[in-house]
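# What the coordinates show
Here is how the chains run, residue by residue.
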Amino acid sequence: MNRIRTRTTLLAAMIATALMQAHAADVTPAANPSDSTSAADQAATNDAGKPKKAATATNADPQQAVRLSEVTVTPLRESLQSAQTLKQDARGVVDAIVAEDIGKLPDNSVADAIQRITGVQVAQGFQGETTGVVVRGLPNVITTLNGREIFSGVGRSFAFQNLPATAVKAIAVYKTSDASLPDGGIAGVVDMQLFRPFDFEGSKVAATLTETHSKYGGHTDPTASLLLSNRWQTDVGEVGALVNFSYMGLHYDYNAVWGDFPTVLKDASGNPMRTSDGKLIASPNGFGADYNIGDRKRPELNYALQWKLNDSTEVYAEGLYTWVSDNYNQPFYFSFPVGAITPTNVTVTNHCYADQLAGQYYGQTICDAASGTWSGNNYAATSTQAHEEWGHDIQNSIGVKWHGDRLRLSSDLSQNLTSFHLQNFIIDTFLKAPITTVWSGTGGQQQNWTIGNNLQLDPANYYLNGLFQTWNTQQAKQTAWRADGNYDIGSSFFQYVDFGLRYADHKATYHGSTEISTPPPGGTGDVPANPNPANQVVARFPKGYFCNMPTTDAIPVSWLTGCYDYLINNADALRTLYGLPTGLAPENPGRFYNIGEKSLAGYFQVAYGNELLGMPFDGLVGIRAERVKRNLDAFSYDSSTNTYSPLSVSTSAPVYLPNASFNWHFRDDLQLRLAAARTLTYPDFGALNPSISLTPGTINRAGYASSGNPNLTPIRSKNFDASLEWYFAPSGYLSAGGFYRDINGYIQTYVTNVTINGAAYQLSSPQSAGSGHLSGMELAYQQFFDFLPGALSGLGVQVNYTRVNGSTKSPQSIGGPTIVTPLQNVSKNNGNVVLMYEKYGISARLAYNYRSRYIDFFTQPTVAGINDEVKPANQLDLSLGYDVNKNLTVVFNASNILGANLHQFWGDGDTRPRDIRYQDRTVGLGLRLKL
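One structure accompanies this document, and this report is about it. Everything quoted here is computed from the prediction, not taken from an experiment. (Residues numbered from 1 in each chain as written. Predicted model: local features only at pLDDT ≥ 70, side-chain atom pairs only at ≥ 80, totals over all residues. Heavy atoms only, no water.)

## Section: the overall build of the protein
Worth spelling out the cut-off: Secondary structure elements are taken from DSSP: a helix is a run of H or I of four residues or more, a strand is a run of E of two residues or more, and numbering for both begins at the N terminus. Note on exposure labels: buried denotes an accessible area under 20% of the residue type's maximum, exposed denotes more than 50%, and partly exposed covers the range between, all computed with a 1.4 Å probe on protein chains only. In what follows, residue pairs with any heavy atoms lying within 4.5 Å of each other are defined as contacts. Residue burial considers only the protein chains on display, and all accessible areas are found by Shrake-Rupley using a 1.4 Å probe.
Helix and strand content of the protein: 7 helices and 50 strands. Relative to its full complement of 931 residues, the protein shows a buried share of 58%. Considering only residue pairs separated by 6 or more positions, the protein has 73% of its internal contacts joining residues 24 or more positions apart. Accessible surface, the protein as shown: approximately 35800 Å² in total, 57% of it carbon and sulfur.

As structure tokens, then:
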């Protein structure tokens, strides 16, 4: 009750405050703010030597009513103008979104907001949120915050979902490279820009509060922010200070139903089952569900201090702190009857193909089964995985900027600190046989199955199996310094030069525990027919152990598993029962590595420009040189002796990355861009760890193993881009572009069946592929229909489409023949359609994002091949706002209106579903206040 009263009081206070007279100035629009050290702003600063363009509506005084063709420049139009100006004036191919007001990006997190940008696609993780970002089909993106590299954990990329959209002023995606931009991403640079006090003309107070209800999560959770900013004239110059607090909370329930890999059905004699005309029959190896039910909290704080000593010198300090806490239950429910029991009631589809699994039946025609029933002594179980996760990302920086008549200089010193911790405590319980597993097929592109007679609902049918526990800790630190300069040459051809240095010292450390399944006291007995009666769950734990799990249309009947709170609150008692010491499991040397990476980079480039056929042109020619020294300390694993030995590996290599561009301005509103550059991406730190981490198998399937590869090389790419852009209105443009990437050493993940110490494992490991390519085209269109009469003049539209094709030469499996395969993560067709409306105080967006099917990774060889393919959940989202007055806006948001779900498949086609993941639907109602 106290929580409810607090939120209600805050809402009431916001309304009351907004209804009072306010005198604070609005935010100054900034398409290319010069008071910044971000990648975008550095480019803008370096453009100082270029001829200035005529002022646009974006540069106009925000205190005056600006009208273009009798249309008021509203906040939404103004944000589109700012993003459009950034795109038009950039030195390369850049697309961006700009907050139309403080806290008014169209989504809750940066991860969700970024998908609205042309050529950017996102992917959902297993905890119901956006976790992966790819640009033009490639995930190899360098992330910067106000121009400084930022990352999370031991990765090289930032977890965009950790940053609330309310903290962000703009997000820019640099798809072409020049020497002044940081290297490390063959796909490009994503720069997030935060607000600073000099962005506003005076004092500023802004707050948001939204309550969002999740359909599956079943809760209503807050998202809130508060920004306080001011600037003062003093005897020592102008001083500004800003602080911003944000919070995102979410209860989620992200459910998946899955089918194990497809395999040939066999009869009681071990012979393959065949159709009447002699074709083989395949079905899933087993059936299961994997739920993720949790409570996630993400607070955030950022600050900025600016001191303008005089007209030419500014000193600043700024920082970002993000935290995440995620406690979630991951219950599993599964049955593995195939291979243990001869099926009955088997029906077969007409979807047939050549068996692709090497061996006795390779190349024979195989058809997918449509349904079947298995009755007998097979392994069926539930499992409770109790996760506790927490971490933080921190960046602090100080810097100075100075400019004279022709020379500009800046220096910036920053430090990144990041950590992430995971603890997982698991107890498995199995069902006493006999068990009947009924599979009713793949209707709805999902595995529909249940257990006969609902044995899974009776607590007396469950017996204790293994206890499994794991933990890992990731920590990283980077200290970086950079100095940049720009000199205005002022000649008729060479315009200015950019030059600079950057030094970074990056350390990443990973620790992980042993991962062993410990049997219950006295053993399990004969699983599953004659289990140990002493380990019947209700005998060990008469009260409080079991919880009912949610249903889905694929599994319409509930099932039982251990309660999350029971496992967390009784973890040490359960360890004692299983004969284990209390506390966390011991560390596994095979899950340790410590990597130090020192890099020194310098760049130089010259800008040129003149006229060709009476039309102006300009461009850049430059080079970036870098040397990276890396030291890796880890442990190698000898499977013959089951021992780990210390290992140290050092590498040092220079890198040279040239770039050139040419921009031809046919008219002020029509231009052609051409760009070429070399880029590279370094392997993730975890991918370099040579040791093997082993998770032993269970009664139903092989164990899991994972290993890095210290021989991975940087991914190198030769990039070529062309773009034709027509800016026919202040918030209207049409652009078309093409791109080509000649890629060498693309890193792909493979799953391979191996035997270690006589036990079967599925080993996941990365490999550097051979040469490959990625090519495609982009189309983008944006316009408000101001020419329409009356209320219809508030209508607008944004449409973008990206088509991508890519392939690489790589082994079909580790040790297998080299073949040409598609690139992982690449969707051929990608796009966004946004209908907009802004008039009479109403601001609305209806946005649909689309991404076609893509290969997620290469799995172990199966009868359907090695591709693991994803059909994304393409969502329709709505955001709606109404301005009560100039200070207060009521907002309504709805996500995934059509209830789209993610589908995953073994191989091509839709007849072998691997997963269906039920994406949540949310609705939110809130207030936005500014003073």
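So, next bit.
## Points about the sheet that holds strand β8 (residues 168–174)
Here is the rule: A pair of strands is considered paired only if DSSP assigns at least 2 bridges between the two.
Pairing is mixed across the open sheet formed by 5 strands, whose spatial order is β3-β8-β9-β6-β7. Each edge of the open sheet carries a strand with a single partner, namely β3 (94–98) and β7 (148–149). Bridging between strand β6 (residues 141–145) and β7 involves 2 bridges; their strand directions are antiparallel. Across the sheet, residue threonine 144 finds its bridge partner in β7, namely glutamate 149.

## A few points about helix α3 (residues 75–89)
What counts here: Expected span of a helix: the number of residues minus one, times 1.5 Å.
For α3, built from 15 residues, the straight-helix expectation of 21 Å at 1.5 Å per residue is met to within 8% by its first-to-last C-alpha distance of 21 Å. Counting buried positions over the 15 residues of α3 gives 12, a clear majority of the element. Looking only at α3, the buried set comprises Leu76, Arg77, Ser79, Leu80, Gln81, Ser82, Ala83, Gln84, Thr85, Leu86, Lys87 and Gln88.

## A few points about empty space enclosed by the protein
Spelled out, the test is: Note on definitions: the grid is 1 Å and covers protein atoms alone; a cavity is a set of points where a 1.4 Å probe fits but cannot get out; a pocket is an open set with protein on both sides within 12 Å along at least five of seven lines; lining residues have an atom within 4 Å of a point. Grid points are joined across faces, edges and corners, and a volume is the space filled by probe spheres set on the points. Here the nonpolar group is Ala, Val, Leu, Ile, Met, Phe, Trp, Tyr, Cys and Pro; Asp, Glu, Lys and Arg are the charged ones; every other residue, Gly included, is treated as polar.
Evaluated as defined, the whole model comprises 12 cavities of 30 Å³ or more. Its volume calculated, the second largest cavity comes out at about 190 Å³. Forming the walls of the second largest cavity are 16 residues, and the residues nearest its centre are Glu149, Arg156, Asp183, Arg502 and Glu597. Within the residue set of the lining of the second largest cavity, elements represented by two or more residues are β24 (494–512), β29 (593–612) and β30 (615–638). Classifying every residue of the lining of the second largest cavity gives 5 nonpolar, 4 polar and 7 charged.

## Thoughts on the environment of glycine 294
Structurally, glycine 294 is set in strand β15 (residues 287–310). The spacing of glycine 294 and tyrosine 564 is 270 residues in sequence and 9.8 Å in space, taken between C-alpha atoms. Residues contacting glycine 294, with those up to four places away along its chain left out, are Leu250, His251, Tyr252, Asn327 and Tyr328.

## Description of the pattern of salt bridges
Going by this rule: A side-chain nitrogen of Lys or Arg and a carboxyl oxygen of Asp or Glu constitute a salt bridge if their distance falls within 4 Å.
A full pass over the atoms with the stated rule returns 35 salt bridges. The salt bridge partner of aspartate 498 is arginine 91, with a shortest N-O separation of 2.8 Å. In this pair, aspartate 498 sits in strand β24 while arginine 91 sits in the loop between α3 and β3, placing the two residues 407 residues apart along the sequence. Judged by its relative accessible area of 5%, arginine 91 falls in the buried class. With a shortest N-O distance of 2.9 Å, arginine 156 and glutamate 597 are connected by a salt bridge. Pair noted here: arginine 156 is in the loop between β7 and β8 and glutamate 597 is in strand β29, with a separation of 441 residues, a long-range link. Here arginine 156 and glutamate 597 have matching classes, each one buried. Bridged by salt links that share partners, the residues Lys87, Asp95, Arg136, Lys175, Asp721, Arg741 and Glu778 form one connected network.

## Details of the nonpolar core
Note the threshold: Put simply, buried Ala, Val, Leu, Ile, Met, Phe, Trp, Tyr and Cys residues joined by side-chain atoms within 4.5 Å make one nonpolar core.
Val257, Ile427, Trp449, Ile451, Tyr545 and Leu567 are the most contacted members of the largest nonpolar core, which totals 44 residues. Contacts of valine 257, omitting those with residues within four sequence positions, involve Gly288, Ala289, Gln447, Trp449, Thr552, Ala554, Ile555, Arg914, Asp915, Ile916 and Tyr918. Core analysis: the second largest hydrophobic core is formed by 35 residues, Val120, Phe158, Ile171 and Val190 among them.

## Focus: the pairing of strand β45 (residues 865–871)
When you tally the buried positions in β45, you get 5 out of 7 residues, the bulk of the element. Judged from the 5 bridges that link them, strand β44 (residues 854–862) and β45 form a sheet pairing that is antiparallel. Bridge assignment links phenylalanine 858 to a residue of β45, and that residue is asparagine 867. Where β44 folds back on β45, the antiparallel hairpin that results is connected by 2 residues. Here β45 runs beside strand β48 (residues 902–906); their pairing, made up of 4 bridges, is antiparallel. If you follow lysine 871 over to β48, its bridge partner there is histidine 903.

## A closer look at the side chain of aspartate 355
Test applied: For the purpose of counting charges, residues Lys and Arg are taken to be positive, whereas Asp and Glu are taken to be negative. His and the chain ends are not included. Pairs of N or O atoms within 3.5 Å make up the polar contacts considered here, provided that, within protein, one atom can donate a hydrogen while the other can accept it, and that residues adjacent in sequence are counted only when both atoms are side-chain atoms.
Within the secondary structure, aspartate 355 sits in the loop between β17 (344–354) and β18 (365–376). The side chain of aspartate 355 sits in the buried core without any salt bridge; arginine 274 is the nearest counter-charge, 8.8 Å away. Reaching out from aspartate 355, the side chain makes a polar contact with the backbone nitrogen of leucine 357 at a distance of 2.9 Å. Sequence-distant contacts of aspartate 355, that is, excluding residues within four places in its chain, are made with Val264, Leu280, Tyr361, Tyr362, Gly363, Gln364, Ile366 and Val863.

## Side note on a nonpolar patch on the surface
Formally: Patches were defined on residues exceeding 30% relative accessible area and lacking a salt bridge, with like-charge contacts within 9 Å and nonpolar side-chain contacts (Val, Leu, Ile, Met, Phe, Trp, Tyr) within 5 Å.
A cluster of nonpolar residues, Ile842, Leu880, Tyr882, Val884, Val890, Phe892, Val923 and Leu925, forms a patch on the protein surface that exposes about 620 Å² of accessible area. Those elements giving two or more residues to the nonpolar patch turn out to be β46 (876–883), β47 (888–895) and β50 (922–930). If you trace the backbone, leucine 925 turns up in strand β50.

## Let's talk about the packing of aromatic side chains
As a reminder, the rule being used: Geometry of aromatic contacts follows a simple scheme: Phe, Tyr and Trp rings, the Trp one being its six-membered ring, pair when their centres are within 6.5 Å, and the pair is stacked under 30 degrees between planes, edge-to-face over 60, tilted otherwise.
For the structure shown, the criterion picks out 34 aromatic pairs. Ring plane angle 70° and centroid distance 5.7 Å describe the contact between phenylalanine 334 and phenylalanine 336, whose orientation is recorded as edge-to-face. When the ring of phenylalanine 493 is compared with that of phenylalanine 617, the centres are 6.5 Å apart and the planes differ by 65°; the resulting orientation is edge-to-face. Residue phenylalanine 493 is found in the loop between β23 (462–488) and β24, and its partner phenylalanine 617 is found in strand β30; the two are separated by 124 residues along the sequence. The exposure class of phenylalanine 493 is partly exposed, given its relative accessible area of 33%. Under the relative-accessibility criterion, phenylalanine 617 is labelled buried at 11%.

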